[in-house]
Every structure is written in C-alpha cells, then in structure tokens.
Amino acid sequence: LGDYTRELASKLNIGTTAKIEGPYGFFLCDNFKNNNQIWITGGVGITPFISLAKNLKYKKDYSIKLFYSVKNKKEVIYHNLLKSIEVESNNSFSTDFFYSEKNGRIDAKYIKKHVNDINEKDIFICAPKKMIEELREDFISIGVEKDKIHSEEFNF
C-alpha cells in the first residue's frame with residue numbers, strides 16, 4: 001500500500017512467488033543505555049513505535065516524547081491507543097501530533113522548543129528516507145551528537 005510496495009509491484013509480474021523476511025535490525029529503545037528518548041515518526045513509520053510504546057509499562061524509569069508527523073488529523077492512526085498509553089505511563093510517555101498541512105515540515109527547532117535538555121536524549125526516527133536525512137542534519141546543526149541519532153527507514 002505504500003511507496004515501496006508500489007515500487008516493488010511495478011517490477012514484478014502477476015503470479016510471481018516472493019519470500020518475505022524480517023524485520024531485522026536493532027531499532028529498540030532498550031538497546032541504548034539512555035532512557036530519556038525522543039521518538040519521531042512520519043506516517044506509517046509509527047508502526048515500530050507502537051510495539052515499543054505498548055511495552056513501556058514493563059519498563060521503569062523511561063521518559064519518552066513521541067513526535068508523530070502526518071499531513072492532517074485524518075491520517076493519524078493509533079490515536080486512541082497512544083493516548084491510553086500516555087495515561088498508563090504516569091507521565092513517562094507523551095505524544096505530540098504534528099500536522100504538516102498546517103505547520104509545514106517538522107524540524108529540530110520545533111522539537112527542541114518542546115523538549116527540555118535535547119542534548120541529553122537519544123533520538124529515534126522512523127520515517128521516509130528524506131525526512132530522516134533532513135532531521136539528522138537539523139539535529140546535528142543544533143549541536144546534537146551524531147551517535148545520539150538512530151533511524152529506521154522503510155526501504156528495500
């Protein structure tokens with residue numbers, strides 16, 4: 001249904017057999033020592049964060065701010081679930097819904113304005129490749145260390 005699925009589908013003939021594997025990687029918030037984290041997602045990039053957020057109730061001492069960027073309110077998925085996780089987390093998890101149709105592109109300055117001590121946090125981004133690249137550059141330009149920025153992209 002997404003960009004990469006359409007790209008792949010354009011290269012295959014009807015009836016082609018495919019073997020799908022994965023996911024792979026280390027895009028897990030508990031793979032890092034820093035429990036103070038910023039999560040940023042664009043569109044369907046919310047998917048891995050949903051799993052991570054559901055497991056926060058089993059983790060102690062985490063402080064997570066999720067920035068969920070979509071075109072408009074209609075594109076938000078998992079709104080009620082994210083709000084319920086906020087309630088269950090006793091203020092250790094919060095979500096900022098960012099609407100690009102109204103506010104333009106989300107950037108590091110916006111995030112810094114809404115997060116205390118940005119340089120003290122690990123940043124996790126799951127979004128389209130261009131969004132990841134732009135945010136990485138933005139964060140580095142405001143002094144965030146490269147090794148504090150972690151990303152996962154939906155790509156082949």
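Just above, that's the structure.
Worth saying up front: this structure is predicted, and the values here are computed from it rather than measured. (Residues numbered from 1 in each chain as written. Predicted model: local features only at pLDDT ≥ 70, side-chain atom pairs only at ≥ 80, totals over all residues. Heavy atoms only, no water.)

(A) Fine view of unusual backbone geometry. Positive phi, normally seen in glycine, also occurs at Y78, with a value near 70°. Positionally, Y78 belongs in the loop between β2 (63-70) and α3 (79-88). Looking at Y78, the relative accessible area reads 40%, which means it is partly exposed. (Helix = DSSP H or I, 4+ residues; strand = E, 2+ residues; numbered from the N terminus. Buried < 20%, exposed > 50% of the residue type's maximum accessible area, 1.4 Å probe, protein only.)

(B) Structural view of helix α6 (residues 129-141). Here α6 spans 18 Å end to end across 13 residues, near enough to the 18 Å set by a 1.5 Å rise per residue. Along α6, the residues that are buried comprise M131, I132, L135, D138 and F139. One side of α6 carries all its buried residues, which in axial view fall inside an arc of 130°. For α6, the exposed residues lying more than 90 degrees away from the buried face are K130, E137 and S141. Immediately beyond the C-terminal end of α6, within one or two residues, lies G143, with a positive phi of roughly 100°. (Expected span 1.5 Å × (residues − 1). Arc of directions from axis to C-beta.)

(C) Here's a closer look at the packing of aromatic side chains. This model, assessed by the stated rule, comprises five aromatic pairs. For the pair W39 and F49, a centre-to-centre distance of 5.2 Å together with 25° between the ring planes defines the contact as stacked. One end of the pair, W39, is in strand β1 (residues 36-42); the other, F49, is in helix α2 (residues 46-54), with 10 residues separating them in the sequence. The residues W39 and F49 share a single accessibility class, namely buried. Judged by centre distance (5.9 Å) and plane angle (45°), the ring pair of Y68 and F97 falls under tilted. Note that Y68 is positioned in strand β2 and F97 in strand β3 (residues 93-99), a separation of 29 residues in sequence. The exposure class of Y68 is buried, given its relative accessible area of 0%. Looking at F97, the relative accessible area reads 15%, which means it is buried. Following the ring pairs from residue to residue traces out a cluster consisting of W39, F49 and F93. (Phe/Tyr/Trp six-rings, centres within 6.5 Å; stacked < 30°, edge-to-face > 60°.)

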